[in-house]
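Examination of the molecular architecture
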Amino acid sequence: MAGLSLKHIYKKYPGGVVAVSDFNLEIKDKEFIIMVGPSGCGKSTTLRMIAGLEEISSGELYIGDRLVNDVAPKDRDIAMVFQNYALYPHMTVFDNMAFGLKLRKTPKDEIKRRVEEAARILDIAHLLDRKPKALSGGQRQRVALGRAIVREPKVFLLDEPLSNLDAKLRAQMRTELSKLHQRLGTTFIYVTHDQTEAMTMGDRIVVMKDGLIQQVDTPQHLYDLPCNMFVAGFIGSPQMNFIESVIVKEGDRYLVEFGSEDTKTRRGVKYRIPLPAAKIEGKGLEEYVGKEVIMGIRPEDVHDEPRLLEEFADCKVTANVEVTELMGAETFLYLNVEGFNFTARVEPTSTAHPGDTIEVALENVKIHLFDKDTERTICN
């Protein structure tokens, strides 16, 4: 087994296009790393550079202690699972899984042992004589995984392997992949644009944007302590609410002001949310007094229950309900607060209906503040 080390990796294409810029990451042996970000952020390009399918423009890539920049893909001891499965349609499942081993001149009895073992792990032993066209999407995905498993590689690379599956099967395969990682004890590097996959499967998540790493951390830390507005908005579903505000100071108290009494002249501040002491200490808020900032708050921290409206009485705002979505265990309220779109994730017992004007409380201990110019986090 092996860890990976990526040091100052760049990918530049002709014409000056930089797809990946100064990528630095240490991946521990047996770690499940997820690379996540919007389309075009460089995550698949990075994966292909690790696989050897893309040339590294500059920087160093180590698998274990071995520099592999110029090592051919077949000699890197990695296995890749693609989004489109890439199965040979004229071969049976057994032959698809055995193909790479046959190319390596592996003995027949060893091939049989490895394929049957992988098929048993993936619960596809009964499909070994079928052709891919006779399989469902989920079964084809398992065959593609099986083809990687039989190689017994040091590193598994998975490029959006679940994106062609329906929602129910995708959720099921997420669990299967997590179990598979525990069973095999191998390093997994997994690329997705689906932040739900990232949050539920990864030991650590690498959030990328425009070819640059934004933040690398555990799922919970990314969610609770985002380093900037992009990470805060990308991680979490529904995404974090953002509202333009101003920091003011009264004595020892700091408050976040937003909204106005007169929407035409923008005179008279409407809402003033006090910041608790934990948000202030050592955060350097003094330099932001009187300045515009972006306040962020997650939908589950916006409440309409009477008990919480009372508990956070000095943090209430008036909102117009535009859409409600009952999800069974919870309800999403899509609100308009002072011209800003706001989402609240509330109890299914909520009585709010489209067209209603309601009061909601912002749980001020959960407020995030961001610098309006740099979008960097001021406090979480």
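Throughout what follows, the structure given in this document is the object of discussion.

**Concerning the state of the cysteines**
- Within the structure shown, the criterion is met by zero disulfides.
- Here C227 stays unpaired: no disulfide links it, and the sulfur of C379, its closest cysteine neighbor, is 14 Å away.
- C227 sits in the buried class, given a relative accessible area of 18%.

**Focus: the pairing of strand β14 (residues 292-297)**
- Of all six residues that make up β14, five are buried, and the element is covered over most of its length.
- Where β14 lies against strand β20 (residues 368-371), four bridges are found, and the strand directions are antiparallel. Counted as the bridge partner of G296 is H368 from β20.

**A short note on the packing of aromatic side chains**
- For the coordinates displayed, the defined rule picks out seven aromatic pairs.
- Between the aromatic rings of F32 and F188, the centroid separation amounts to 5.2 Å while the plane-to-plane angle is 45°, which identifies the pairing as tilted. Residue F32 is located in strand β3 (residues 32-36), and its partner F188 is located in strand β8 (residues 187-192); the two are separated by 156 residues in the primary sequence.
- Of the residues examined, F32 reaches a relative accessible area of 1% and is grouped as buried.
- When its relative accessible area of 1% is taken as the criterion, F188 is described as buried.
- Ring plane angle 20° and centroid distance 5.6 Å describe the contact between F230 and F234, whose orientation is recorded as stacked. In this pair, F230 and F234 are both assigned in helix α8 (residues 229-234), four residues apart and thus about one turn of the helix distant. Judged on exposure class, the residue F230 and its partner F234 are both buried.
- Through successive ring pairs, a cluster of aromatic residues spans F32, F156, F188 and Y190.
- Over the aromatic face of Y10 sits the side chain of K12, whose NZ or CZ is 5.0 Å from the ring centroid.

**Considerations on helix α3 (residues 108-122)**
- Spanning 15 residues, α3 covers 21 Å between terminal C-alpha atoms, matching the ideal 21 Å at 1.5 Å per step.
- Those residues of α3 lying buried are I111, R114, V115, A118, A119, I121 and L122. Burial along α3 is one-sided: seen end-on, the buried residues are contained in an arc of 160°. In α3, the exposed residues that point more than 90 degrees away from the buried face are D109 and R120.
- Contacts made by the buried residues of α3 are with α2 (93-103), α4 (137-149) and α5 (167-184).
- Within two residues after α3, D123 carries a phi angle of roughly 60°, on the positive side.

**Quick look at unusual backbone geometry**
- Following S237, the chain continues into P238 via a peptide bond in cis, with omega recorded as -5°.
- Phi angles above zero are rare outside glycine, and E152 is one such case at about 50°.
- Here E152 shows up in the loop between α4 and β7 (155-159).
- E152 sits in the partly exposed class, given a relative accessible area of 47%.
- The phi torsion at E375 lies on the positive side, around 65°, for a residue other than glycine.

What counts, and at which threshold
- Residues numbered from 1 in each chain as written.
- Predicted model: local features only at pLDDT ≥ 70, side-chain atom pairs only at ≥ 80, totals over all residues.
- Heavy atoms only, no water.
- Disulfide = S-S within 2.5 Å.
- Buried < 20%, exposed > 50% of the residue type's maximum accessible area, 1.4 Å probe, protein only.
- Helix = DSSP H or I, 4+ residues; strand = E, 2+ residues; numbered from the N terminus.
- Pairing = 2+ DSSP bridges.
- Phe/Tyr/Trp six-rings, centres within 6.5 Å; stacked < 30°, edge-to-face > 60°.
- Lys NZ or Arg CZ within 6 Å of the ring centre and 35° of its normal.
- Expected span 1.5 Å × (residues − 1).
- Arc of directions from axis to C-beta.
- Contact = heavy atoms within 4.5 Å.

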